[in-house]
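Secondary and tertiary structure notes
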Amino acid sequence: MRRWAVLAGLLVLGTPAVAAADDSPGGSGGFLDALFGRHKEVEPVHNDTYEEECGACHFAYQPGLLPRRSWDRVVAPDALEDHFGDDASVEEPVRKEIAAFLDAHAADDSWYKRSIKVRRSIPKDEAPLRITDVPYIRRKHADLDKARVQDNPKVKSLANCAACHRKAADAVYDDDTVDIPGFGRDW
Amino acid sequence: MQKQLVRAAIVLALVAVPGIALAADPAAVTQLLDQYRQEGAAGFDAARAKDDWTKEHPADDGKMRSCITCHGSDLTKPGRHAKTGKVIDPMARSVNPDRYTDPAKIEKWFKRNCKWAWGRLCTPQEKGSFLMFLKDT
């Protein structure tokens, strides 16, 4: 009897969550989605320092898009001075804060679906420096031609996630949220 | 008491309005110009900086680079990072009043961007001239 009461309580509690899931980007609604939908993408975490320092030049990629061993290479003490050809060096306390943020939310221990796919696709002895070198991410973008990305002045690079993934800042990368400048939903 | 407050507000408004109209130099710019002078710079030249802004330098990748590669040729319009495509807010104070208000931020970007565009750090004289040029945009 008590068990039924608990279940009924859960259903009542779940109802507003279902309604909310319908509005949420990427969520297709339904009770299971309300419970598990928020784990479909990557963890939507924010850090002001990270967004200011790293997000000035490129999309502030969610930490869950790379494993810890990759982030550790990217933000190693001497690495930022030659960051893919750019000087992205920051003061040491700033670097430490950014490194800690990335480590804490890296793909390794994540429950989010895309982080799990990211980490499963990378061989254990590899630590890619670029998110576009993650096999899962590369596979997902394999069919895109140059006209849509490299030769598209409003995209330029696969690194520019938010140019096409309109909800990327909210950590949503679902197909339904893709809108390629000049091509729309044609890919 | 209330009358006093109103009077204070009127006085403040009278003082503040011409200040806005004249668009006084941001304190950060004045501070950095002083610092550059102490580092030996003299005779900042806004016209020279305006030329330097578009002057191209060859990079290791064989392409030519200048400030406008990323910032664009119209300072009142957004620019775009040459590699990542990320939009960069306009440089002109007239449309982006947040520009040139934080000395640490200005210095950080001089360091990064002089190295990217010119392959070397800018001298205090060059940095001061760029500020003289940019502060009035």
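Residues numbered from 1 in each chain as written. Chains lettered and ligands numbered in written order. Predicted model: local features only at pLDDT ≥ 70, side-chain atom pairs only at ≥ 80, totals over all residues. Heavy atoms only, no water.

1. Examining the overall build of chain A
Put simply, the rule reads: Runs of H or I in DSSP of at least four residues are treated as helices and runs of E of at least two as strands, each being numbered from the N terminus. Relative accessibility decides the category of a residue: with a 1.4 Å probe and only protein chains considered, values under 20% of the type maximum give buried, values over 50% give exposed, and everything between is partly exposed. The contact criterion used throughout is that any non-hydrogen atoms of two residues lie within 4.5 Å. Only the protein chains shown count as cover for residues, with accessible areas throughout obtained via the Shrake-Rupley method and a probe of 1.4 Å.
For chain A, the count of helices and strands is eight helices and zero strands. Along the chain direction, N to C, the helices and strands of chain A fall in the order α-α-α-α-α-α-α-α. Within the span of chain A, comprising 187 residues, buried residues form 40% of the whole. Sequence-distant contacts in chain A: of pairs separated by 6 or more residues, those separated by 24 or more amount to 55%. Carbon and sulfur atoms provide 55% of the accessible area of chain A, an area that totals close to 11000 Å².

2. Thoughts on the pattern of salt bridges
Convention followed: We count a salt bridge whenever a side-chain nitrogen from Lys or Arg sits within 4 Å of a carboxyl oxygen from Asp or Glu.
In the structure shown here, the tally under the stated rule is 22 salt bridges over all chains. Residues K96 of chain A and E92 of chain A are paired through a salt bridge, measuring 4.0 Å at the closest nitrogen-oxygen approach. One end of the pair is K96 of chain A and the other is E92 of chain A, both in helix α5 (residues 92-104) and four residues apart, which spans about a single turn. A salt bridge links R48 of chain B to D52 of chain B; the shortest N-O distance between them is 3.8 Å. Here R48 of chain B and its partner D52 of chain B are both found in helix α3 (residues 46-54), four residues apart, which amounts to about one turn of the helix.

3. Observations concerning unusual backbone geometry
Look at F84 of chain A: it is not a glycine, yet its phi comes out positive at around 55°. Judged by its relative accessible area of 29%, F84 of chain A is partly exposed.

4. Observations concerning the packing of helix α5 (residues 103-118) of chain B against helix α6 (residues 124-134) of chain B
All names here are of chain B. Rules: Note on definitions: angles span 0 to 180 degrees between N-to-C directions of axes, and those axes are lines fitted to C-alpha atoms, for helices only across the stretch in contact. Each angle gets one of four labels, with under 35 degrees taken as roughly parallel, over 145 as roughly antiparallel, 65 to 115 as roughly perpendicular, and the rest as oblique. Here the nonpolar group is Ala, Val, Leu, Ile, Met, Phe, Trp, Tyr, Cys and Pro; Asp, Glu, Lys and Arg are the charged ones; every other residue, Gly included, is treated as polar.
For the pair α5 and α6, the least separation of the axes is 12 Å and the interaxial angle reads 110°. Taken as axis vectors, α5 and α6 run roughly perpendicular relative to one another. The residues of α6 that touch α5, namely those facing I106, E107, F110 and W118, are E126, K127, F130 and L131. Residues that form the contact of α5 with α6 fall into these classes: five nonpolar, no polar and three charged.

5. Focus on the environment of L121 of chain B
By the element assignment, L121 of chain B lies in the loop between α5 and α6. Between the C-alpha atom of L121 of chain B and that of P103 of chain B, which follows or precedes it by 18 residues, the distance is 17 Å.

6. Observations concerning the packing of aromatic side chains
The line we're drawing: Note on aromatic contacts: the rings of Phe and Tyr and the six-membered ring of Trp form a pair at centre separations within 6.5 Å, being stacked when their planes are under 30 degrees apart, edge-to-face when over 60 apart, and tilted otherwise. Here, over-ring charges are defined by two tests on the NZ atom of lysine or the CZ atom of arginine: distance to the ring centre within 6 Å, and angle to the ring normal within 35 degrees.
With the rule as written, the count across this model stands at six aromatic pairs over all chains. Each ring, one from Y50 of chain A and one from F101 of chain A, has its centre 5.3 Å from the other, and the planes form 45°; the classification is tilted. Remark: F101 of chain A occurs in helix α5 and Y50 of chain A occurs in helix α3 (residues 48-53); sequence separation between them is 51 residues. The two residues Y50 of chain A and F101 of chain A agree in class, both being buried. A centroid spacing of 5.6 Å and a plane angle of 80° characterise the contact between F59 of chain A and Y61 of chain A, whose relative ring orientation is edge-to-face. We note that F59 of chain A, like Y61 of chain A, is buried. Through a chain of ring-to-ring contacts, three or more aromatic side chains come together here, namely W53, F110, W118, F130 and F133 of chain B. When the ring centre of W109 of chain B is taken as reference, the NZ or CZ atom of R112 of chain B above it lies at 4.8 Å.

7. Some words on the confidence of the model for chain B
Residue and element names in this part refer to chain B. Stated formally: For every residue, the predictor reports its confidence as pLDDT, a number between 0 and 100.
For chain B, per-residue confidence averages 88 on the pLDDT scale, and 84% of positions sit at 70 or higher. pLDDT under 50 marks residues 18-22. Its contacts with residues more than four places away, or in other chains, come to one contact. Two summary scores accompany this predicted model of the complex, namely pTM at 0.76 and ipTM at 0.70.

8. A closer look at the nonpolar core
Using the following cut-off: Residues enter a nonpolar core if they are buried and are Ala, Val, Leu, Ile, Met, Phe, Trp, Tyr or Cys, with the set joined through side-chain atoms within 4.5 Å.
Membership of the largest hydrophobic core comes to 30 residues, with the highest contact counts inside it found for Y50, Y61 and W71 of chain A. Excluding its chain neighbours within four sequence positions, the residues that come into contact with Y50 of chain A are G55, A60, Y61, W71, I98, F101 and L102 of chain A. The next biggest cluster of nonpolar side chains, apart from the first, holds 27 residues, and it includes A28, L33, C122 and L134 of chain B.

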